[in-house]
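# Close look at the chain arrangement
Okay, here's what each chain looks like letter by letter:
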Amino acid sequence: MNRLLSRSISISIARRQNTNPSWRKAGAPVLDHAKSPRTKDPSVRQSSFISNAIKDSIKSSVLEEAAKKDSSFWDESRIGVTGHSPSIDIEKRLSEVADVDTPINKPDPLNDWYLEAVAPQSQHHELNGFEGDRIHARVPSGVARLNTLVNDPFQLSRPDVHDISETIGNDLVGTDHPVLNSAARYFFTPNEDGKGKGKQVRPVMVMLISRAMEDAANVEKSHLPAAHVYKSQRRLAEITEMIHTASLFHDDVIDGADTRRGQPAAHREFGNKMAILAGDYLLARASICLARLRNVDVVECMSTVIEHLVRGEVLQIKDNRTGVADMEGYLRKNFYKTASLMANSCKSAALLRGNVSGEVVDAAYLYGKHIGVAFQLIDDALDFEGSAASLGKPALADLNAGLSTAPVLFAAENHPELVPAMARKFKEQGDIQLALKCIEETEGVRRTKKLAAIHAEKAMDAIVSALDPSPHRDSLVHLACRVVDRSR
C-alpha cells in the first residue's frame, strides 16, 4: 500500500509538472515556474504542485483500496489495532463472550448471486412459468394461495405499521430547530394526495417475520413478556424506516436527484446542507432508539447496516469515476446499499424475540437479504419500463444519470462496444440509444427480472424451511412475489 501510494504521488507530481519524459511528449514545452504570472517565487509554486499531487494521489489510492472486495478497511473481524479476533456462532450468548473485541455476528461472504442461472446458455433453473412477458417467482409447496382476508402481507401487517410514519414524525424525530424539524419529517408527513409516503416494505417485513415466529409451532416461546417483545420489534420497524429514510436524504444529494416519491427531493426543498444534516439527525435518533432496545446483539447487527451504507456509496463513487462495473461487484454494492438493511432488520427481529434457534435467525437474515437483492433488481428493470407517474421519478433516470445498472451490465457482456459509452456515462449523443438497442437485443431487462425472481425464490425457501405454516409465514412468501411483480 505504501509503495503504491509513493508511486502514485511521484506520477501525480510528474503529471502536474509536465517535466517527466515518460509522461511528456517529445517537443512539448516544459512549464517554467519562474515565469508563471501567478507567483514570483518558484518554490511556492513547486510546493503547491506537490501539495495538490499528494491530495489527489491519496484520494485515488484510498478510494481504490476501499473499493476492493477484500479491503482491510472493512474487515469485519478486525476491531482496534491488536489483531484479528475469530467470529463466533450467532446462537452463543453475550455471557459467553469474554473479549470486547470479539464480533458477535459472522460476516456474510456475499458469494451467492446465482448469475449462472440467468446466463444465456443456462437452462437448468426453471421458474414457475411465464405469463406473456411477465416472470413469476416459484411458490414453494405447502403455502396457501393468496387471500386478501387471510394472508395478504400489506393487509395483515396494517394494524402493526399503519401509523409508523406518524409515530416517527411526531414522537421520535422532534427537534427545537424549525427548519431541521421540517426537513427530518419531510418523508414522514405525506401530502394529501399521498405523495411522499413510501411503500414501507421494510417495516412490513419486520412485523410479519415477528408475527410469523410467534405463530410458528416449531419456534420456542419467548422467555420475555409478550408485550415487551412486541414493543421492541415495533420499535425496530421504526428504526429500520428511519435508517432507510436517512439514506434517501444522503443519496439524493450525492446523485443530484430532482424528485423522490413523486415530490421534490429534500435537498431541492431545504438545500444540500440541511438535507445532509437531516439525514445525520435521523441516524442519530435511530441510534438512540436502537440503544434503548438494550440488546447488544441487535445493536451490533443494525450498526453494521450503517457501515454498509457508507461502503456501498464508496463503491458507487468508484463506479461513477470509471463508468464500468462487473456484475458481481454491482450486486455486492446493491447488497450494501439496499439488501443489508432488510437482511439485518429481519435478523434483529428474530434476535429480539429471544430463545430463537440459530437456524431461524439465519433464515430471517437470508429472507431479508434475497428480498433486498430482488427489490433492487426490479428497480433497475422498472427504470426501463415504468413512467414518471408510476415510479415517482423520470423514466430512464439511471441511464440519464450515467449509471450502469443490471440490464446495461447484462447487455455489455455480449456487446463490448457498449463499454466505452458506459465509461463516459452515456454523455455523448447516441450513447443512450445504443444502450437501449443492446439491452433489447440481449434481453437485459428480462434477465434482470429473472435474476430477481430467483432471489425471491431463495427468500421464500429460507422462510418456509425454517418456520411452520401460518398466515403470517405465507404472507412473507406472497410479499416476495409482490416484490417481483410490482410496477412501482
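In this text, all values refer to a predicted model and were calculated from it rather than measured experimentally.

Okay, the overall build of the chain next. Broken down by element type, the chain carries 19 helices and four strands. By the burial criterion, 51% of the 488 residues in the chain qualify as buried. Summarising the internal contacts of the chain: among those between residues at least 6 apart in sequence, 73% fall at separations of at least 24. Working note: accessible area of the chain is about 23,500 Å², and carbon and sulfur atoms make up 52% of it.

This part is about the packing of helix 3 (residues 153–161) against helix 6 (residues 201–215). Between helix 3 and helix 6, the least distance of the axes is 9 Å, while the angle of their chain directions is 95 degrees. Here helix 3 lies roughly perpendicular to helix 6, going by the angle between them. Contacts between helix 3 and helix 6 involve P153, F154, L156, S157, D160 and V161 on the former and, on the latter, P203, V204, M207, L208 and R211. Residues that form the contact of helix 3 with helix 6 fall into these classes: eight nonpolar, one polar and two charged.

Attention shifts here to the nonpolar core. Within the largest apolar cluster, 117 residues are counted, with the highest numbers of intra-cluster contacts made by I243, M327, Y367, L418 and F426. Other than its neighbours up to four places away in sequence, I243 contacts L283, A286, M302, V305, L309 and L341.

Our focus in this paragraph is the packing of aromatic side chains. What the rule picks out here adds up to four aromatic pairs. When the centroid spacing of 5.7 Å and the interplanar angle of 65 degrees are considered together, the rings of F335 and Y336 count as edge-to-face. For Y336, a relative accessible area of 5% corresponds to the buried category. Taken together, the ring pairs connect Y186, F187, F249 and F270 into an aromatic cluster. Taking the ring centre of F375 as reference, the NZ or CZ of R202 above it sits at 5.7 Å.

So, on to the packing of helix 6 against helix 19 (residues 471–485). Look at helix 6 against helix 19: their axes get within 8 Å of each other, and the N-to-C directions meet at 145 degrees. Of the two elements, helix 6 crosses helix 19, and the hand of that crossing is left-handed. Counted together, V204, M205, L208, I209, R211, A212 and D215 of helix 6 and H472, R473, S475, L476 and L479 of helix 19 form the full contact between these two elements. Counted by class, the contact of helix 6 with helix 19 contains seven nonpolar, two polar and three charged residues.

This next bit is on the environment of V483. As for its placement among the helices and strands, V483 is situated in helix 19. Since its relative accessible area comes to 2%, V483 is described here as buried. The sequence separation of V483 and A452 amounts to 31 residues, and the corresponding C-alpha distance is 8.8 Å. Not counting the four nearest positions on each side in its chain, V483 is found in contact with I371, A374, F375 and I378.

Time to look at unusual backbone geometry. Phi is positive for Y114, close to 65 degrees, though the residue is something other than glycine. Along the chain, Y114 turns up in the loop between helix 2 (42–66) and strand 1 (130–131). According to the relative accessible area criterion, Y114 is partly exposed, its value standing at 23%. For K425, which is not glycine, the phi dihedral falls at a positive 60 degrees. Looking at the element boundaries, K425 is found in the loop between helix 16 (418–423) and helix 17 (431–441).

Let us look at the pattern of salt bridges. Considering all chains together, one arrives at 20 salt bridges under this definition. Where R260 meets D252, a salt bridge forms, and the shortest distance between an N and an O atom there is 2.7 Å. For R260, a relative accessible area of 24% puts it in the partly exposed group. Note that R424 and D431 form a salt bridge whose closest N and O atoms lie 2.8 Å from each other. Overall, the relative accessible area of 32% leaves R424 in the partly exposed class. Shared partners join several salt bridges into a network, and the residues in it are D163, R234, R235 and E238.

Moving on, we come to helix 15 (residues 406–414). A large share of helix 15 lies buried, amounting to seven of its nine residues. Turning to helix 15, its buried residues are A406, P407, V408, L409, F410, A411 and A412. Those residues of helix 15 hidden inside the fold are in contact with helix 11 (327–353), helix 12 (358–385), helix 14 (397–400), helix 16, helix 17 and helix 18 (444–466).

For H267, the position within the fold is in helix 8 (residues 266–270). For H267, a relative accessible area of 6% gives the class buried. Side-chain polar atoms of H267 contact the backbone oxygen of D252, separated by 3.1 Å. When neighbours within four sequence positions are excluded, H267 is seen to be in contact with D252, V253, G256, A257, N272 and A275.

Here we take up the environment of A480. Looking at the secondary structure, you find A480 in helix 19. Residue classification places A480 among the buried positions, given a relative accessible area of 0%. A480 sits 327 residues away from P153 along the chain, and the two C-alpha atoms are 9.6 Å apart. Setting aside its immediate chain neighbours within four residues, A480 contacts Y367, I371, A456 and M460.

Moving on, we get to the environment of D160. With respect to the helices, strands and loops of the structure, D160 is situated in helix 3. Other than its neighbours up to four places away in sequence, D160 contacts M207, R211, Y230 and R234.

Below, the discussion takes up the confidence of the model for the chain. In this model, the chain carries a mean pLDDT of 82, and residues with pLDDT of at least 70 account for 74%. Confidence over residues 18–39 falls short of pLDDT 50; this stretch has 24 contacts with residues more than four positions distant or in other chains. Counted against residues more than four places away or in other chains, residues 77–91, with its pLDDT under 50, gives 34 contacts.

About the criteria used
Within any chain, residue numbers begin from 1 and follow the written order of that chain's sequence. It should be noted that, the model being predicted, local features are given only for residues of pLDDT at least 70 and side-chain atom pairs only at 80 or more, the latter also being counted only at that level, while totals for whole chains, interfaces and linings use all residues. In computing side-chain properties, one takes all heavy atoms of the structure into account and sets aside hydrogens as well as water. Note on conventions: DSSP H or I runs of at least 4 residues are helices, E runs of at least 2 residues are strands, and numbering of each starts at the N terminus. The cut-offs for exposure are 20% and 50% of the maximum accessible area for each residue type, with area from a 1.4 Å probe on protein chains only; residues under the lower value are buried, those over the upper are exposed, and the others partly exposed. What makes two residues a contact is simply this: any of their non-hydrogen atoms within 4.5 Å. Per-residue accessibility takes into account occlusion by the displayed protein chains alone, with areas from the Shrake-Rupley method and a 1.4 Å probe. Lines fitted to C-alpha atoms define the axes here, with helix axes fitted over just the stretch in contact, and angles between the N-to-C directions of these axes take values from 0 to 180 degrees. Our angle categories are set so that under 35 degrees counts as roughly parallel, over 145 as roughly antiparallel, 65 to 115 as roughly perpendicular, and the remainder as oblique. Ten residues, namely Ala, Val, Leu, Ile, Met, Phe, Trp, Tyr, Cys and Pro, are considered nonpolar, four, namely Asp, Glu, Lys and Arg, are considered charged, and the remaining ones, Gly among them, are considered polar. We define the nonpolar core as a collection of buried residues of types Ala, Val, Leu, Ile, Met, Phe, Trp, Tyr and Cys that are connected through side-chain atoms lying within 4.5 Å of one another. Aromatic rings from Phe, Tyr and Trp, taking only the six-membered ring of Trp, are treated as a pair when their centres fall within 6.5 Å; an angle between ring planes under 30 degrees marks them as stacked, one over 60 as edge-to-face, and anything in between as tilted. The criterion for a charge sitting over a ring is simple: Lys NZ or Arg CZ within 6 Å of the ring centre, and within 35 degrees of the ring normal. By convention, the crossing between two helices is left-handed when the near helix turns anticlockwise from the far helix through less than a right angle, and right-handed when the turn is clockwise. A pair is scored as a salt bridge if a Lys or Arg side-chain nitrogen falls within 4 Å of a carboxyl oxygen belonging to Asp or Glu. For the purposes of these results, a polar contact is taken to be a pair of N or O atoms within 3.5 Å, where, inside protein, one atom must be able to donate a hydrogen and its partner to accept one; residues adjacent in sequence count only when each atom of the pair is a side-chain atom. pLDDT measures how confident the predictor is about each residue, on a scale from 0 to 100.

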